[in-house]
Amino acid sequence: MTISRGITRRAYFRTDIDNESREAMECRHCVVKGVHILTMLPVGYSPVVYDPRALDWLSYTLKSITTAEPDAFVLILTHPMTYNTVYGSDLGEYWYSAQLNPILKNFPQAVVFGGHLHFALNDPRSIWQGAFTSVGTASVSYMSVEDGGFEDMKSQFEMKDCYQFSQGLLLQFDSEGNMRIRRMDFHNSAVIGEDWVLPHPAADGHFAKPYDHEALAAANRAPKLSKAAVEKRDSSYVLRFQAAKDDCFAHHYVISLSTRDSLVFEKRLLADFYKVPSPSMMKKDWELDLGVLPEGRYKINLVAVDSWGRNSNKICRRFRVAKD
């Protein structure tokens, strides 16, 4: 969240309607143009832990708001992710909290925004709808990714170009109360994909859930691979292949090289979906250096995997390395 220079000191809290909770446990209840916004911070990490008083406050405040306004969204801002919802929210207790789930599940109007993990908003799993709605927030600073054993990484969770990355969200409400979430790519000065649109809750508190992961995964189509070839380049061999076609994008590629007797290696290449605002701008051709190989017969298998874990068709290429 960015605070403009003009909003300082007391003016920053001009939308607060619960100063007692803010001062006692940093739980804020703000109302901005009729939209209720709740913020709360954990009191510890590893695992993420919230003050029991804050949990009681969240439950009480949500019930009070939704009883009075059952057809209104309530936004909840908190640093860590809510467990087992959006992309990255199952990677360890340092990163997520399961303490909010039992409360939020009673309020379908709740839309919780969490980060801590700097996962890319490009991924369709960065919004989730179930008993409530959860949204990842990425980061304006750098990006991280799941521990997928990907090649050419800076660290277990960071790519070498992780600092060439800056993302955020713009929220808009129309006159009918529908919420539009626009994903912003600040590094490329662009909008990421199509806006996420959450229809206005009905009077009974229910509303359509276009971002239910089970439904999205069921409707998802597998990636398709077409062309791949192994070429000799100087003293080494190189796998060249075209990027997979997909209804969204290929998240990564899995390449295994084997002989008749054993597996030589399996490598995973993270796709470049996080670098560009649109899948149409992703690279079209890929290469993997297989290195200098001993004499023998080899088989290489290539598979593309999308964000929902769906595998493409497998491309198999056989080649022989002759003695020089």
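Residues numbered from 1 in each chain as written. Predicted model: local features only at pLDDT ≥ 70, side-chain atom pairs only at ≥ 80, totals over all residues. Heavy atoms only, no water.

### Side note on the pattern of salt bridges
Between side chains of opposite charge, pairing is possible as soon as their charged atoms come close.
No. 1: For the structure shown, the criterion picks out twelve salt bridges.
No. 2: Arg22 is the partner of Asp16 in a salt bridge, and the nearest nitrogen-oxygen pair spans 3.6 Å.
No. 3: Glu287 is paired through a salt bridge with Arg240; the nearest N and O atoms lie 3.4 Å apart. Separated by 47 residues along the polypeptide, Glu287 in strand β16 (residues 285-291) and Arg240 in strand β13 (residues 236-242) bring together distant segments of the chain.
No. 4: Taking relative accessible area as the criterion, Arg240 reaches 33% and is therefore assigned partly exposed.
No. 5: Within the structure, one salt-bridge network assembled from shared partners comprises Glu231, Arg233, Arg240 and Glu287. (Salt bridge = Lys/Arg side-chain N within 4 Å of Asp/Glu carboxyl O. Helix = DSSP H or I, 4+ residues; strand = E, 2+ residues; numbered from the N terminus. Buried < 20%, exposed > 50% of the residue type's maximum accessible area, 1.4 Å probe, protein only.)

### With respect to the pairing of strand β12 (residues 228-233)
No. 1: Strand direction decides the pairing type here: β12 and β13, joined by six bridges, are antiparallel. Within β13, the residue paired with Glu231 across the bridge is Val238.
No. 2: In this antiparallel pair of consecutive strands, β12 and β13, the connection spans two residues, and Asp234 shows a positive phi of 55 degrees. (Pairing = 2+ DSSP bridges.)

### Some points on the sheet that holds strand β17 (residues 296-306)
No. 1: Read across the sheet, four strands follow the order β15-β14-β17-β18 without closing on themselves; strand pairing throughout is antiparallel. Strand pairing shows two members of the sheet lacking a second neighbour, β15 (263-270) and β18 (315-321), which therefore form its edges. Direction aside, neighbouring strands of the sheet carry axes that sit 20 degrees apart on average.
No. 2: Two elements, β17 and β18, share seven bridges in a ladder whose sense is antiparallel. Paired with Arg297 across the bridge in β18 is Arg320. (Axes fitted to C-alpha atoms, helices over the stretch in contact; angles between N-to-C directions.)

### As for the side chain of His252
No. 1: Note on placement: His252 falls in strand β14 (residues 250-258).
No. 2: A distance of 2.9 Å separates a polar atom in the side chain of His252 from a polar atom in the side chain of His251.
No. 3: Residues within four places of His252 in sequence aside, it is in contact with Phe150, Arg268, Leu269, Leu270, Ala271, Val303, Ala304 and Val305. (Polar contact = N/O pair within 3.5 Å; in protein donor to acceptor, adjacent residues only side chain to side chain. Contact = heavy atoms within 4.5 Å.)

### Topic: the nonpolar core
No. 1: One finds Leu58, Leu62, Tyr253, Phe273 and Leu290 to be the most contacted residues of the largest nonpolar core, which totals 70 residues.
No. 2: Of all the elements, helix α2 (residues 52-68) adds the most residues to this core, at six residues.
No. 3: With near-sequence residues (within four places) excluded, Leu62 lies in contact with Leu38, Val74, Ile76, Ile103, Leu104 and Phe107.
No. 4: Counting 15 residues, the second-largest nonpolar core is a separate cluster that includes Cys30, Leu75, Ile127 and Met179. (Core = buried A, V, L, I, M, F, W, Y, C linked by side-chain atoms within 4.5 Å.)

### Quick notes on the side chain of Asp272
No. 1: Turning to its location among the elements, Asp272 is positioned in the loop between β15 and β16.
No. 2: Non-local contacts of Asp272, meaning those with residues more than four positions away in its chain, are made with Met282, Lys283 and Trp286.

### Concerning the pairing of β17
Strand residues, when the strand is regular, have side chains that alternate between the two faces of the sheet.
No. 1: Taken across its eleven residues, β17 has eight buried, putting it largely inside the fold.
No. 2: In this structure, β14 lies alongside β17, joined through eight bridges in antiparallel fashion. Residue pairing across strands places His252 opposite Val305, the latter belonging to β17.

### Section: the packing of aromatic side chains
No. 1: Taken as a whole, this structure holds 13 aromatic pairs when the rule is applied.
No. 2: Between the aromatic rings of Tyr253 and Trp286, the centroid separation amounts to 5.5 Å while the plane-to-plane angle is 55 degrees, which identifies the pairing as tilted. Here Trp286 lies in strand β16 and Tyr253 lies in strand β14, a separation of 33 residues in the sequence. Comparing Tyr253 with Trp286 shows no difference in burial state: the two are buried.
No. 3: By way of ring pairs, the aromatic residues Tyr237, Tyr298 and Phe319 are connected into one cluster.
No. 4: The side chain of Lys267 reaches across the aromatic face of Phe265, ending 4.6 Å from its centre. (Phe/Tyr/Trp six-rings, centres within 6.5 Å; stacked < 30°, edge-to-face > 60°. Lys NZ or Arg CZ within 6 Å of the ring centre and 35° of its normal.)

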